[in-house]
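# Fold and contact review
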Amino acid sequence: MADIIQLLPDHVANQIAAGEVVQRPASVVKELLENAIDAGATTIKLIIKDAGKTLIQVIDDGKGMSDTDARLSFERHATSKIRSADDLFQLHTKGFRGEALASIAAIAHVELKTKQAQDEIGTCIVIEGSKVVSQEVIVTPKGTSISVKNLFFNIPARRNFLKSNPVETRHIIDEFHRVSLAHPSICFSCFHNGSEQFNLPISNYRQRIVAIFGSKTNEKLVPVEESTEVVKISGFVGKPEYAKKSRGEQFFFVNNRFIKSAYLNHAISSAFEGLLKEGAHASYFLNLTVNPQTIDINIHPTKTEIKFDDEHTLYAILRASVKHSLGQFNIAPVLDFERDSNLDTPYNYKQKATPSIAVDSGFNPFKEDEKTVPHTASNYKKAPAATWESLYVGLESKSTKSKTDFDEVHFESEPETTSVFNDSKAIEEKQPTYQLHNKYIISTIKSGMLVINQKRAHQRILYEDFLQHITVKEGVSQQLLFPLSLPFSQQELEIIRQLKNDLEHTGFVFNLLKDEVLEISGVPVSVPESEVAIILEQLIADVQNEVPDSHFSATDLLAKSMAKSLAIKTGQSLSKEEQEHLVNRLFACKAPSVSPTNRLTFITMSIDELEKKFV
Ligand code: ADP
Ligand code: MG
């Protein structure tokens, strides 16, 4: 049989390599920023248009390239950074594989302008899909400027695969954060669609963190310093009381390179053990310096994973030094379960409270300040659902509310529920309910038994309420006597800005102030003032963590997030009336059978099924 194996042409090989190196615009940003750092730049400017889909440009004042090097830089395996395989274990540069520029040029329109300090004139090369279109001499400042236009122009499948602009922008900003955090001694700026997003002057590490994440970050940082033979650790961890629901601010740098490591992350979490509220994540900004011979960076094309020779020792040292810092800065003792932390404390945990933990047992996280809830007749008419909600949310197990409140509420929900009662699954009127393990509500239906998951059911109810308010735009707002001022980072404010209209339809009234402060002068009637910060933080975390697909809808996400924040939790004991109302409200929903995240809200068991079990 004839020979069938051939060497692939370079442009095909480059496109294949690009598949690994360039997943999205943010990958290009990372490679270009790293090249600028390797070139010894002191000032680096990143310019983005349309989330990098139209343009990604990086301008540096580094050492530039000769005209021959400029041409060679686009060849695969062309690098000035290593010469032999041994050099792989002596790396002092970000790059070394010599494939980034070749890969990028294979799948985009690239223009390179570069000049070395000693030269009078520079070089301009234009490459499109691996083909050199032109190479000319030009007048250009010292350093390099690379523009990458129309990414994936020749791979429509990849281009279509790109996410929405906000999502791709977020990935780019994440890369920008990582690179600029690792190099506070370099001045970085970032422009998106003509407006300046970041301008980070040369500074120390603390100042760099604050410049990126906002001035309020400063007080949250606890320094960590440790020097051993194996590793030198420096940086900061966030005080536990500022821990967030999102994993956003977690950064490890090994020899100035951002890396991901679930294992080392675990070392930090375990150092924080007992100090964090449930579901909260510690933030950290830690630089580890190790002997380059003890790590292997060449295990992943994007170089974000590293193999350490002795991971176990590293784990132990890291954990101990973070613990030490938290102790030394007196973080652990001052941490008390203050009122607000109850908001996230499961019911069972409260029961286990030891004398040293100050738990206000009478405190109900869902109880609002009654003065702030307008229980007036006019409000009932205007927004029955919201008002119902505010009453519901305000109820506690040892309810002190008068029966009349309930009678009114019951009356409100009746018209919606009656039609559902014809359904065989509907609750027979005046059937008893029973709460099981503070988690399920059990009731009867004509054909048998109904078991409702209280948390999911309430999420469904709130979700439909919020969706309705946002789309009908009729959310009722309660004016706050004193506006709340909440600190947020630029990036977080940007997310709020995107959701502003929808949030206002639920009843929020905002004033977006400069200087990273959000002023809130009105909140939805169903939202207790004490929970506003938590709800917004959860919302931001949800937006950041969302893995958006083509069905991504900000409105939906907002309704889901608020429903999640405000819904009663597993572990909350409910009075008979509360149980009944939950059941009634659930079956008045459009899609009662699933939670907003598509999980079952209830199951049924027929008499037949029961009988089979007793055979
Ligand atoms: P690597 O960074 O792995 O060496 P790249 O494809 O990213 O591979 O770059 C190839 C070469 O081009 C680099 O080794 C470097 O010599 C040169 N180069 C790339 N970007 C720049 C820049 N901004 N300034 C100076 N030289 C650069
Ligand atoms: Mg490179």
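Residues numbered from 1 in each chain as written. Chains lettered and ligands numbered in written order. Predicted model: local features only at pLDDT ≥ 70, side-chain atom pairs only at ≥ 80, totals over all residues. Heavy atoms only, no water.

## Some words on the overall build of the protein
Within the protein one finds 20 helices and 22 strands. Residues classed as buried in the protein amount to 50% of the 615 residues present. Of the accessible surface of the protein, which amounts to about 29600 Å², a share of 53% is contributed by carbon and sulfur atoms. (Helix = DSSP H or I, 4+ residues; strand = E, 2+ residues; numbered from the N terminus. Buried < 20%, exposed > 50% of the residue type's maximum accessible area, 1.4 Å probe, protein only. Areas by Shrake-Rupley, 256 points an atom, 1.4 Å probe, with all protein chains shown as cover.)

## Details of the environment of Gly95
Mapped onto the elements of the fold, Gly95 is located in the loop between helix H3 (67-72) and helix H4 (100-106). Between the C-alpha atom of Gly95 and that of Ile37, which follows or precedes it by 58 residues, the distance is 9.6 Å. Here Gly95 is in contact with Asp38, Lys81 and Lys303, once residues within four sequence places are set aside. (Contact = heavy atoms within 4.5 Å.)

## Overview of the site of ligand 1
As a matter of local geometry, ligand 1 sits amid 18 residues, with Asn35, Thr79, Ser80, Lys81 and Gly98 nearest to it. Contact between ligand 1 and Asn35: an oxygen atom at 2.8 Å from a side-chain N or O atom of the residue. Within the contact set of ligand 1, a nitrogen atom lies 3.2 Å away from a side-chain nitrogen or oxygen of Thr144. Bound to the protein, ligand 1 loses 93% of the 530 Å² it would expose on its own. Residues that form the shell around ligand 1 fall into these classes: six nonpolar, eight polar and four charged. (Near = heavy atom within 4 Å. Polar contact = N/O pair within 3.5 Å; in protein donor to acceptor, adjacent residues only side chain to side chain. Nonpolar A, V, L, I, M, F, W, Y, C, P; charged D, E, K, R; others polar.)

## Topic: the pattern of salt bridges
Scanning the entire structure with this criterion turns up 11 salt bridges. Arg24 is the partner of Glu168 in a salt bridge, and the nearest nitrogen-oxygen pair spans 2.9 Å. On the criterion of sequence distance, the pair formed by Glu168 in helix H6 (residues 165-182) and Arg24 in the loop between helix H1 (10-21) and helix H2 (25-38) is long-range, its members being 144 residues apart. Glu168 gets classed as buried once you look at its relative accessible area, which sits at 0%. The class of Arg24 is partly exposed, set by a relative accessible area of 21%. Residue Arg497 is joined to Glu494 by a salt bridge in which the shortest nitrogen-to-oxygen separation is 2.9 Å. With Arg497 and Glu494 both in helix H16 (residues 490-506) and three residues apart, the pair spans about one turn of that helix. For Glu494, a relative accessible area of 32% translates into the label partly exposed. (Salt bridge = Lys/Arg side-chain N within 4 Å of Asp/Glu carboxyl O.)

## What about the packing of aromatic side chains?
Applying the stated criterion to the full structure yields 13 aromatic pairs. Aromatic side chains Phe587 and Phe602 sit 5.1 Å apart centroid to centroid with 55 degrees between the ring planes, which places their arrangement in the tilted category. Pair noted here: Phe587 is in helix H19 (residues 576-587) and Phe602 is in strand S22 (residues 602-606), with a separation of 15 residues, a long-range link. Given a relative accessible area of 7%, Phe587 falls into the buried group. Taken together, the ring pairs connect Phe213, Phe251, Phe253, Phe258 and Phe285 into an aromatic cluster. The ring of Phe161 has Lys163 sitting right over it, with the charged end atom 5.2 Å from the ring centre. (Phe/Tyr/Trp six-rings, centres within 6.5 Å; stacked < 30°, edge-to-face > 60°. Lys NZ or Arg CZ within 6 Å of the ring centre and 35° of its normal.)

## Overview of helix H9 (residues 311-328)
Between its first and last C-alpha atoms H9 spans 25 Å; for 18 residues at 1.5 Å apiece the expected length is 26 Å, and the two agree. Along H9, the positions that sit buried rather than exposed are Leu314, Tyr315, Ile317, Leu318, Ser321, Val322, Ser325 and Leu326. (Expected span 1.5 Å × (residues − 1).)

## Focus on the sheet that holds strand S21 (residues 517-524)
Within a beta sheet, neighbouring strands are joined by backbone hydrogen bonds and run either parallel or antiparallel to one another. Across the sheet, which stays open at both edges, the three strands sit in the order S19-S21-S20 with antiparallel pairing between neighbours. What marks the edges here is a single partner per strand, and that holds for strand S19 (477-487) and strand S20 (509-513). Neighbouring strand axes in the sheet, compared pairwise and without regard to direction, differ in orientation by 15 degrees on average. When S20 meets S21, the two strands line up antiparallel, connected through five bridges. In the strand pairing of S21, Phe510 is matched with Ile520. Contacts between H16 and the sheet are confined to S20 and S21, with S20 contributing the most and set at about 160 degrees to the helix. (Pairing = 2+ DSSP bridges. Axes fitted to C-alpha atoms, helices over the stretch in contact; angles between N-to-C directions.)

## Things to note about the environment of Val231
Here Val231 lies in the loop between strand S9 (221-227) and strand S10 (232-238). Accessibility expressed as a relative area gives 1% for Val231, which makes it buried. Not counting the four nearest positions on each side in its chain, Val231 is found in contact with Glu226, Leu288, Thr289, Val290, Leu314 and Ile317.

## With respect to the sheet that holds strand S11 (residues 250-254)
Spatial strand order, S9-S10-S13-S11-S12: five strands in an open sheet with mixed pairing. A strand with exactly one partner marks an edge of an open sheet, and here the two such strands are S9 and strand S12 (257-259). For this sheet, the mean angle separating the axes of adjacent strands, direction not counted, is 20 degrees. Pairing geometry for S11 and S12, over three bridges, is antiparallel. Considered in S12, the bridge of Phe252 is made with Ile259. Contacting S11, S12 and strand S13 (284-289), H6 crosses the sheet at an angle of about 50 degrees to S11. Sheet contacts for H9: S9, S10, S11 and S13; angle to S9, the most-contacted strand, approximately 135 degrees.

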